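# Working through the structure, step by step
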Amino acid sequence: ESVQVTRTDSGQRSDLSISPEELVTGDIIFLEAGCRIPADVRILHCSNLEVDNSALTGETIPDMRTSKAEPATMVSTEARCLAFSGTLILKGSATCIVYATGDRTFLGQIANTMRSGPPKSSLEIQIQHFVHTIALVAVGITGCVLLCDLLAPKLRTASEVLENCTTALFSQVPEGLLPTVTLSLMIASNRMSRLQVVVKKLDAIESLGCVSTFCSDKTGTLTTGVMEVQEVLVPAGTEVLQVNAKELQGQGTAGIQALARAGLLNNKAQVLSGPRDATYDVFGSPTEVAIFKAGVAMLGLSLRDAAQEQACFEIPFNSENKWMLTVHRRSDQEFPCNVIIKGAPEKILHVCKDCINFDAQLRELMTRGLRVIGLASRKLTAEEVPDTFEGVSLSDCNFPVSGFDLLGFFAIEDPPRDGVMEAVLKCKDAGVKVVMVTGDHPTTARAIAKRVSILQEPQKQAAADLDSFQVLQGCDLDSHLPEEDFDELSASSKAFWQEAVQHTRVFARVSPLHKRIIVQAYQCFGQAGLGDIVAMTGDGVNDAPALKQAEVGIAMGIRGTSVAQDAADIILLDDNFSSAIDGMEQGRLAGENLQKSIMYTLCSKLPQVVPALMEVFGIPLALAAVQVLLIDIGTDIWTAVAFAAQKPEVSLMNRPPRHPQRDWMVGREILAFSYCYIGVLQCCFCWLMYFMLTPGIGRMVKEYEPVSDYGHQDRVVERTGMTVYYWTLVLGQVAAALSSTTKSQPLFGDGGYGLPNHLLNVTVVLELILSLAVMHVEWTRKSFEMELLPAWSLIIPFIALIGILAIDECRKRFGPKQFLRR
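Below you will find a few notes about this structure. Being a predicted model, the structure only gives us computed values, none of them experimental. Going along each chain's sequence as written, the residues are numbered from 1 onward. Note on the predicted model: pLDDT of at least 70 is required for a residue's local features to be given, and 80 or more for side-chain atom pairs to be given and counted; whole-chain, interface and lining totals, by contrast, use all residues. Only hydrogens and water are set aside when side-chain values are computed; all heavy atoms of the structure are taken into account.

### A short note on the overall build of the chain
The secondary structure content of the chain amounts to 29 helices and 24 strands. Over its C-alpha trace the chain gives a radius of gyration of 36 Å, far above what one expects of a compact globule, namely 28 Å for 822 residues. With the C-alpha coordinates of the chain rotated into their principal frame, the extents come out at 125 × 75 × 60 Å. Remark: exposure states derive from per-residue accessible area (1.4 Å probe, protein chains only) relative to the maximum for the residue type, with buried under 20%, exposed over 50%, and partly exposed in between. Relative to its 822 residues, the chain shows a buried fraction of 54%. Contact definition: two residues touch when any of their heavy atoms are within 4.5 Å. If you take every contact in the chain between residues at least 6 apart in sequence, the share linking residues at least 24 apart comes to 72%. Per-residue and other accessible areas follow the Shrake-Rupley method at a 1.4 Å probe size, with only the shown protein chains counted as cover for residues. For the chain, the accessible area works out to roughly 35700 Å², and carbon and sulfur atoms hold 56% of it. Here the chain holds 71 positive side-chain charges and 92 negative ones, and the gap between their average locations is 4 Å. Helix and strand labels come from DSSP, where a helix needs a run of H or I of at least four residues and a strand needs a run of E of at least two; each type is numbered from the N terminus. Only C-alpha atoms enter the radius of gyration, while the globule expectation follows 2.2 Å times N to the 0.38, with N the number of residues. His residues and chain termini do not enter the charge count, which takes Lys and Arg as positive and Asp and Glu as negative. Throughout, a charge is located at the NZ atom of Lys, the CZ atom of Arg, the CG atom of Asp or the CD atom of Glu.

### Observations concerning the packing of aromatic side chains
Only rings of Phe, Tyr and Trp enter the pairing, Trp through its six-membered ring, and a pair is recorded when the two centres are within 6.5 Å. The plane angle decides the type: under 30 degrees is stacked, over 60 is edge-to-face, the rest tilted. In this structure the tally under the stated criterion is 18 aromatic pairs. Taken together, the ring pairs in this structure connect F469, F486, F496, W497 and F525 into an aromatic cluster.

### So, the pairing of strand β9 (residues 213-216)
Both faces of β9 are covered, namely the face carrying T213 and C215 and the face carrying F214 and S216. Where β9 lies against strand β19 (residues 433-437), 4 bridges are found, and the strand directions are parallel. Across the sheet, T213 pairs through a bridge with K433, a residue of β19. When DSSP locates at least two bridges between a pair of strands, those strands are taken to pair. In terms of strand pairing, β9 meets strand β22 (residues 534-538) through 3 bridges, oriented parallel. Across the sheet, C215 pairs through a bridge with M536, a residue of β22.

### Thoughts on the sheet that holds β9
The 8 strands are arranged β8-β24-β23-β22-β9-β19-β21-β20 in an open sheet whose pairing can be described as mixed. Looking along the sheet, the strands with just one partner apiece sit at the ends: β8 (197-199) and β20 (471-473). If you compare each strand with its neighbour and ignore which way they point, the axes differ by 20° on average. Structural elements are reduced to axes, namely lines fitted to C-alpha atoms, with helices fitted over the stretch in contact, and the angle between N-to-C directions of any two is expressed from 0 to 180 degrees.

### Re the side chain of N267
In this fold, N267 is placed in the loop between α8 (254-265) and β12 (270-273). Polar contact is defined as a pair of N or O atoms within 3.5 Å, subject to the rule that within protein one atom must be able to donate a hydrogen and the other to accept it, and that residues adjacent in sequence are counted only when both atoms are side-chain atoms. Of the polar contacts made by the side chain of N267, one reaches the backbone oxygen of E288; its length is 3.0 Å. If we skip the residues at most four places from it in the chain, N267 touches E288, I291, F292, M324 and K342.

### With respect to a nonpolar patch on the surface
On the surface, a nonpolar cluster with roughly 330 Å² of combined accessible area is contributed by V139, L169, F170 and V173. Take V139: it is sitting in helix α3 (residues 122-151). Patch construction takes residues with relative accessible area above 30% that form no salt bridge. Like charges are linked within 9 Å, and nonpolar side chains (Val, Leu, Ile, Met, Phe, Trp, Tyr) are linked within 5 Å. Basic side-chain nitrogens of Lys or Arg form a salt bridge, by our definition, when they fall within 4 Å of a carboxyl oxygen of Asp or Glu.

### Here we look at the nonpolar core
By nonpolar core we mean a set of buried residues, namely Ala, Val, Leu, Ile, Met, Phe, Trp, Tyr and Cys, connected to one another through side-chain atoms within 4.5 Å. The biggest cluster of nonpolar side chains holds 107 residues, and the ones touching the most others in it are F214, I554, I570 and F577. Setting aside residues up to four positions removed in sequence, F577 forms contacts with F214, S216, T221, L222, V420, A423, V424, C427 and V434.

Next up, the structure:
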């Protein structure tokens with residue numbers, strides 16, 4: 001789509017039609033309804049211009065634009081003399097000058113902040129550490145096997161030595177890790193979808209379980225997102241009449257009726273009918289919808305009967321003025337026009353005549369977190385009515401804008417969602433900080449934060465110091481913002497952010513830039529410099545950089561823009577904070593189950609490699625390479641995957657989150673459990689059964705015959721010993737699977753965890769059936785170098801299963817309770 005451009009070159013004007021990509025700063029462009037604005041522009045002249053800024057703000061209400069200059073202190077996105085690339089002109093036409101193109105536009109700056117990839121997920125960090133650890137263990141064990149093969153009295157060929165070393169190397173690799181990780185996260189994702197949490201990136205599930213700081217928006221996430229008028233205040237002589245709005249149904253004084261009518265007139269909300277004109281609803285900004293519905297109720301009308309009179313002149317609300325003004329024609333010849341102004345109490349009282357003092361009531365309402373909107377009106381005489389109403393502020397209107405009569409105040413609240421306070425308390429029990437990050441007024445934010453238990457009163461001895469840090473505003477952050485990263489900050493700014501990260505629980509009046517910096521601050525200074533794992537919620541285009549910066553970006557499914565949802569890792573279908581916390585519990589469970597799966601998988605690694613090491617003492621090979629592969633790929637892998645369906649043994653939300661840089665998923669405790677505890681027990685039982693149930697093995701150990709000199713009978717004895725060792729190890733792995741289902745809670749007896757994982761129970765039974773089938777089917781028995789065992793040789797090794805379970809049950813009941821707790 002080409003753009004009509006005017007350029008001046010050497011004093012010569014030229015009118016061109018060029019593509020948007022060719023625009024440069026200083027070009028004069030002409031735009032009309034239906035055009036998508038190709039660059040950031042300053043409006044020079046316009047006629048009834050309305051633009052759709054939903055691509056930037058997420059608000060679907062059209063924004064009026066004017067050529068009148070705005071104060072330099074105004075936020076650029078709210079300046080009505082500017083229009084931005086990517087937005088759409090809905091009505092009117094405009095002549096504009098380009099001041100930013102490409103990456104320098106507002107949308108381009110947002111895109112630039114998102115170019116850097118997101119931080120590594122905690123799962124990536126954990127898996128990387130685990131792989132490096134297992135690689136070192138595998139290389140070390142392979143070196144030991146090579147040394148033992150070279151020193152063993154039984155001479156082996158180079159190919160046999162290579163086979164043994166390769167077997168030892170790959171026996172340490174948990175082949176089931178990839179499917180276990182994937183299936184664990186898929187099961188967790190399926191569970192989370194039932195909780196209205198949609199996962200876009202699977203590794204975000206485990207990261208959500210590690211979150212230590214949860215930055216949440218207020219409106220629509222912690223609160224319902226639906227504004228409702230709670231209280232109405234009107235002057236009644238020398239008194240203040242304060243009434244619960246829900247009690248006013250077509251009743252009330254003349255003052256209340258006048259306030260209600262003004263609330264309907266000075267209002268841009270629209271009443272639209274449903275599909276069959278049977279139902280009606282109000283659409284518009286949440287505040288105006290709340291006032292409109294309250295006004296309808298106060299006048300005893302229905303939405304269908306609520307007449308919407310068009311204003312003959314309007315100055316729309318913006319964040320700089322903090323008021324909205326409309327002018328309405330009247331049939332009265334003496335007072336042909338009525339001016340109604342609506343806005344912040346201090347702005348409304350400033351333009352009113354002397355009136356009674358509302359300060360105490362207003363302060364009490366604001367302390368409770370209610371948003372107070374005042375209304376006042378003034379009738380214009382015929383002499384005061386201009387031919388054409390003009391003006392964009394109180395200082396340049398061509399009609400009187402003082403001496404208003406105060407009509408009253410609406411106290412509006414966006415109440416907290418049901419269950420949010422319980423979810424916040426659940427977070428605190430889980431060691432997770434909940435931080436409110438909002439663009440709302442600090443008084444309102446503080447009140448809501450207290451109601452949902454985000455804010456608590458500081459200790460008396462530290463109250464004075466900490467109270468100033470509990471709630472910070474965007475203006476408090478401006479002097480401490482880093483240009484690129486926090487390393488470049490001064491010592492005083494670093495100290496400020498350290499205090500903020502430790503004590504602040506509410507950030508109010510913040511911009512999208514602030515949100516991203518706040519996330520970075522927690523990632524840099526959290527947990528004494530180690531850095532917090534941060535989850536961030538957002539719904540608008542402006543929130544996308546912060547969502548991308550956080551380890552877990554959470555977008556809203558109802559109010560969220562497509563840009564925010566694209567940048568996020570998780571989407572809340574119901575926009576509910578409680579759903580995110582339920583998802584956090586599932587993330588912790590997924591990480592816990594993955595750790596237990598790895599614990600189980602590593603248990604067999606020691607008894608798999610010890611037979612190769614024992615050859616140095618002249619003991620025949622007790623476990624062949626193909627049998628190692630049969631255990632790892634044929635049986636263990638499916639049991640490891642079944643851990644994904646494991647239920648929690650204790651409440652996962654009653655302990656601090658695991659930090660991926662400090663609390664390794666596979667740390668010393670896990671390696672000690674798998675290698676030095678269960679692995680050693682399995683080795684002991686395997687060798688015990690090997691020597692007890694393999695006739696002739698003692699003779700072979702004494703004779704030290706080279707492998708090449710084995711006769712038929714020696715081969716039978718060797719394969720019989722391998723079969724006994726294999727079967728005992730399989731039973732030992734069954735015991736390891738059951739033992740690994742809990743870390744500290746006993747399985748049986750009083751307070752026992754039991755065997756609730758039916759998928760694991762099935763895979764254990766199938767593991768035994770498969771192992772017996774391999775040993776008893778002739779062609780598989782030959783392929784895996786096994787011999788048919790008598791019944792008693794199959795029954796006696798169950799001692800290993802019972803013995804390992806009994807020993808571990810004693811540990812869980814009488815041993816240290818903190819072992820494997822994290």
